[in-house]
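Geometric and topological summary
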Amino acid sequence: MQTFFKNIKGDRLIWAIAALLAIFSFLPVYSAASNLAYVSGVGNTFSYFVKHFMHLFLGFAIMYGVHKIPYRYFRGLSMVMIPIVLVLLVITMFQGTTIEGANASRWIQIPFVGMSFQTSTLASVVLMVYVARYLSKIHNKQVTFLETILPLWVPVFFVLILILPANFSTTAIIFLMVMMLSFIGGYPVKYLAVIIGVGIVALTLFVLVAKAFPEAMPNRVDTWMSRVENFSNGADTEADYQIEKAKIAIASGDIFGRGPGKSQQKNFLPQSSSDFIFAIIIEEYGLVGGLFLLVLYSWLLFRIVIVSQKSDTIFGKLLVLGVGLPIIFQALINMAVAVELFPVTGQTLPLISSGGTSIWMTCLAIGIILSVSARREQLKQQDINDDNPLEILSETI
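Residues numbered from 1 in each chain as written. Predicted model: local features only at pLDDT ≥ 70, side-chain atom pairs only at ≥ 80, totals over all residues. Heavy atoms only, no water.

When helices and strands are tallied, the chain shows 14 helices and four strands. Considering the chain as a whole, with its 397 residues, one finds that 48% of them fall into the buried category. Looking at the chain alone, contacts between residues at least 24 apart form 72% of all its contacts between residues at least 6 apart. (Helix = DSSP H or I, 4+ residues; strand = E, 2+ residues; numbered from the N terminus. Buried < 20%, exposed > 50% of the residue type's maximum accessible area, 1.4 Å probe, protein only. Contact = heavy atoms within 4.5 Å.)

This is the structure:
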């Protein structure tokens, strides 16, 4: 164990925050999984607990392995992975999975292991690394809009258009994060305005075509529109069932909650162990539990900004923000949905919700951040050694 901790590099506080979130997730997931086991009739509550443990174990193994890779290698890997991600998205999109006529093609089956994988989450991380690479390449250079279209915006467009039919919320988050990273990276604001305008027009055309020719391609346009309309009108419809149950759970939590495992709304709230686990946490642990999570994610954001600022290269700075900010943004959206500040999106709570793909890709992103932080530690240690005459003498001998 001591050898293991000696091999852990990077920001120790980020390691601690990730570990705290993972440890905290076990009790609410175990509690919420009881209803899932009952409804599905597959396995029991403990089997879901073990499954969640295995997802986290593999996730932290990914985090450990990735943080050992010098972050400069992610430049080339992003260029290699972009075509692979596009192929995976095409396969996922055309695998033909529909639910009541709506496109639900978000997962791809992994052969021989009987597991599914949500390709859009991998695409999100890879795309953010790719965008960070390109922005660092043109940093402090005068570029025209036309010369950035092919190397920057064409890959972004293809990734987004392949995710959009089945998952609007993920598409919107990726687009917003790319815009934010581009702004931080110094990409001209006037060009960003053009991209935003093109994005709005493209989305409008997609919705109009989907409404005019609903049989041409399975999509979830009607689901998106109904969620937004119900949210804006405050209508008490069947589509709002999840929100109503989540609000009841939150209201029942009070200050200190009902206690671990004593949630009642987990028996009625769909996706209680994933999309709406924040409501279950507040019901069982009260306002204190909710604030505890908010503090942890805020602390993680603070450390992400610190690691970014201390990076020795522009690529490192943008890389940390590119893969780190979406984690925080996704957490805030999940919480906002539970308290009805945002329409239902289906976004999970990072490192808390059950679900393998979300956990693995979050750990991948944190591993990349830790790789950048580890490089900073390495440079600092080299400076100390260079300033130490005894160290220099020993190396000479």
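Having seen it, we continue.
Let's shift gears to the environment of I366. Looking at the secondary structure, you find I366 in helix 13 (residues 356–386). Looking at I366, the relative accessible area reads 1%, which means it is buried. Residues I366 and A18, spaced 348 residues apart in sequence, show a C-alpha to C-alpha distance of 8.4 Å. Not counting residues within four places of it along the chain, the set of residues in contact with I366 comprises I14, A18, M63, I327 and L351.

Our next topic: unusual backbone geometry. At D254, a residue that is not glycine, the phi angle is positive and equals roughly 55°. Topologically, D254 is positioned in the loop between helix 10 (241–253) and helix 11 (277–310). Its identity is not glycine, yet L351 carries a phi of approximately 65°, on the positive side. Tracing the backbone shows L351 in the loop between helix 12 (314–338) and helix 13. Residue class for L351 comes out buried when judged on its relative accessible area of 2%.

Next up on the list: a nonpolar patch on the surface. Where nonpolar side chains cluster on the molecular surface, the patch consists of I255, F256, L287, V288, L291, L294 and L332 and spans about 630 Å² of accessible area. The element contributing the most residues to the nonpolar patch is helix 11, with four residues. Within the secondary structure, I255 sits in the loop between helix 10 and helix 11. Its relative accessible area of 38% is what places I255 among the partly exposed residues. (Patch = residues over 30% accessible without salt bridge, like charges linked within 9 Å, V, L, I, M, F, W, Y side chains within 5 Å. Areas by Shrake-Rupley, 256 points an atom, 1.4 Å probe, with all protein chains shown as cover. Salt bridge = Lys/Arg side-chain N within 4 Å of Asp/Glu carboxyl O.)

Assignment of secondary structure puts Y30 in helix 2 (residues 12–40). Judged by relative accessible area, which is 36%, Y30 ranks as partly exposed. Between the C-alpha atom of Y30 and that of F49, which follows or precedes it by 19 residues, the distance is 5.4 Å. For Y30, the residues in contact, after removing those within four places along its chain, are T45, F46 and F49.

Our next topic: the packing of helix 5 (residues 119–137) against helix 6 (residues 145–163). The interhelical angle for the contact between helix 5 and helix 6, taken along N-to-C directions, is 170°, at an axis separation of 11 Å. Considering their axes alone, helix 5 and helix 6 lie roughly antiparallel with respect to each other. Along its contact with helix 5, which presents S120, A123, L127, Y130, V131 and Y134, the element helix 6 presents E147, T148, P151, L152, P155, V156, V159 and I163. Across the contact of helix 5 with helix 6, the residue classes break down as 11 nonpolar, two polar and one charged. (Axes fitted to C-alpha atoms, helices over the stretch in contact; angles between N-to-C directions. Parallel < 35°, antiparallel > 145°, perpendicular 65-115°, else oblique. Nonpolar A, V, L, I, M, F, W, Y, C, P; charged D, E, K, R; others polar.)

Before going further, it helps to spend a moment on the packing of aromatic side chains. One pass over the full model with this rule turns up 12 aromatic pairs. Here Y71 and F315 contribute two aromatic rings whose centre-to-centre distance is 6.1 Å and whose plane-to-plane angle is 25°, an arrangement assigned as stacked. Taken together, the residues Y71 in the loop between helix 3 (45–67) and helix 4 (73–93) and F315 in helix 12 connect sequence positions 244 residues apart. Judged by relative accessible area, Y71 falls into the buried class, the value being 6%. (Phe/Tyr/Trp six-rings, centres within 6.5 Å; stacked < 30°, edge-to-face > 60°.)

Right, let's talk about helix 12 for a bit. An α-helical turn contains 3.6 residues, so a residue and the one three or four places further along point in the same direction. The end-to-end C-alpha distance of helix 12, which contains 25 residues, comes to 37 Å, matching closely the 36 Å that a straight helix rising 1.5 Å per residue would cover. Burial analysis of helix 12 places 21 of its 25 residues in the buried class, which makes it a mostly covered element. Within two residues after helix 12, E340 carries a phi angle of roughly 60°, on the positive side. (Expected span 1.5 Å × (residues − 1).)

Evaluation of the coordinates by the stated rule reveals five salt bridges. K247 serves as the salt-bridge partner of E244, at 3.9 Å between the closest nitrogen and oxygen. In this pair, E244 and K247 both sit in helix 10, three residues apart, roughly one turn of the helix. In this structure, R258 and E283 form a salt bridge, with 3.3 Å as the shortest nitrogen-oxygen distance. Residue R258 is found in the loop between helix 10 and helix 11, and its partner E283 is found in helix 11; the two are separated by 25 residues along the sequence. A single salt-bridge network, built from bridges that share partners, covers E244, K247 and E340.

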